[in-house]
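Examination of the molecular architecture
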Amino acid sequence: MNKRLSAIAPLLLIPVLGLTACAGGASADAAGEAAPKTLTVYTSEPQAKIDQVVEAFEKANEGVNVEVFRAATGELKTRIATEKQAGKITADVILAADVPTFEAYAADGALAPLDVENAAALDPKFADPDGFWVGTRIIPTIIAYNTGAITEAPASWAALTEDTYKGKIAMPNPDVSGAAAFNTAVWLQEPALGKSWMESLVANEPTVLESNGPVGQAVAAGSSEVGIVVDYVARELAAKGSPIAVGYPSDGVPYVSQPAGVFADSENQEVANDFVDFLISKEGQELAVTQSYLPVRSDAGVPAGAPALNEINLLDPDQVKIAAGQSEAVEYFNSLLK
């Protein structure tokens, strides 16, 4: 039976997680049978989606129990920093956020080199050339719109600065959402956008909500006619009958690849690598497609109603520059809101 960690009083759980990880070794019971191995995953995945992944992985890996701590990227990073300062990161796997976050963890020694077979099936841009992380799904940020309020999406990011959309835009908080923080850095470094575009966007009085989920709900409910949101949120709401549709901006679509990696402190390196390898296996990627994600493999198909990757003008900025400028970009965006 799966054990799920609650987000309630997360710091109180840290010693428990450490003990659980130690108990997940190759000890044997009195009958000589191997004790179940316990794997701890930190993730920003929606709970229902990570539950499906865990169920599929446990089914394919008898004798492994997966415990999940799920939180927004900002909270995960705070938890990891606190644990690292205390002496040890107590999780085995991280599945969250964006490449700059993982580059920073790799640089400070928090990640172990991966030992996964399926990385060879990925486009090289979705895998770390140094082998510390792999992308697991493509999550573009797009412009969603309420079909009862307007007939088609704004064609571009530039269009969002038009007076037509003043007070009608919702977007996620980059202090909370890893994708939103990443996007902020991408927009600032795009020559056609940059500071002048961001200043004009904020001058159009967007409503900044906690994360992508509330943004999608606001557009679906009509409280905001337009939303800057990850595409799968809008697609899922549309599939349930909400009056919301997706538009991919012509001036470029930022995306995160939801990387996965194994913590260097993990005492379950083999099982942790098995979990990451499952995420990028054909089976794992087909599961991602059923969850409305665009896959990192070309042999897994695409979600119903979604375009193929080669039909989207994906932005591929210099990840090193994005990593170096992300905190400053978020700070600049926040300063404009004041």
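The structure this text deals with has already been given above.
Keep in mind it's a predicted model, so treat the numbers as computed, not measured. (Residues numbered from 1 in each chain as written. Predicted model: local features only at pLDDT ≥ 70, side-chain atom pairs only at ≥ 80, totals over all residues. Heavy atoms only, no water.)

For the rest of this paragraph, the subject is unusual backbone geometry. One non-glycine residue with positive phi stands out, namely Glu 205, at about 55 degrees. Its location among the elements puts Glu 205 in the loop between helix H6 (194-203) and strand E9 (207-209). (Helix = DSSP H or I, 4+ residues; strand = E, 2+ residues; numbered from the N terminus.)

Our next topic: a negative patch on the surface. Residues Asp 115, Glu 117, Glu 270 and Asp 274 make up a contiguous surface patch of negative charge. Assignment of secondary structure puts Asp 115 in the loop between strand E5 (111-112) and strand E6 (134-135). For Asp 115, a relative accessible area of 63% puts it in the exposed group. (Patch = residues over 30% accessible without salt bridge, like charges linked within 9 Å, V, L, I, M, F, W, Y side chains within 5 Å. Areas by Shrake-Rupley, 256 points an atom, 1.4 Å probe, with all protein chains shown as cover. Salt bridge = Lys/Arg side-chain N within 4 Å of Asp/Glu carboxyl O. Lys, Arg positive; Asp, Glu negative; His and termini not counted. Charge placed at Lys NZ, Arg CZ, Asp CG, Glu CD. Buried < 20%, exposed > 50% of the residue type's maximum accessible area, 1.4 Å probe, protein only.)

Glancing now at the packing of helix H2 (residues 47-60) against helix H9 (residues 269-279). The interhelical angle for the contact between H2 and H9, taken along N-to-C directions, is 115 degrees, at an axis separation of 11 Å. As H2 packs across H9, the resulting crossing turns out to be right-handed. Here H2 contributes Val 53, Ala 56 and Phe 57 to the contact with H9, which in turn contributes Val 271, Asp 274, Phe 275, Phe 278 and Leu 279. Looking at the contact of H2 with H9 residue by residue, the classes come out as seven nonpolar, no polar and one charged. (Axes fitted to C-alpha atoms, helices over the stretch in contact; angles between N-to-C directions. Left-handed = near helix turned anticlockwise from the far one by under 90°. Contact = heavy atoms within 4.5 Å. Nonpolar A, V, L, I, M, F, W, Y, C, P; charged D, E, K, R; others polar.)

Listed as buried for H6 are Gly 194, Trp 197, Met 198, Leu 201 and Val 202. Take H6 and look down its axis: the buried residues cluster within an arc of 130 degrees, on one side only. Along its buried surface, H6 packs onto strand E8 (169-172), helix H5 (178-189), strand E10 (226-230) and helix H11 (319-337). Positive backbone phi, at 55 degrees, marks Glu 205, one or two positions downstream of H6. (Arc of directions from axis to C-beta.)

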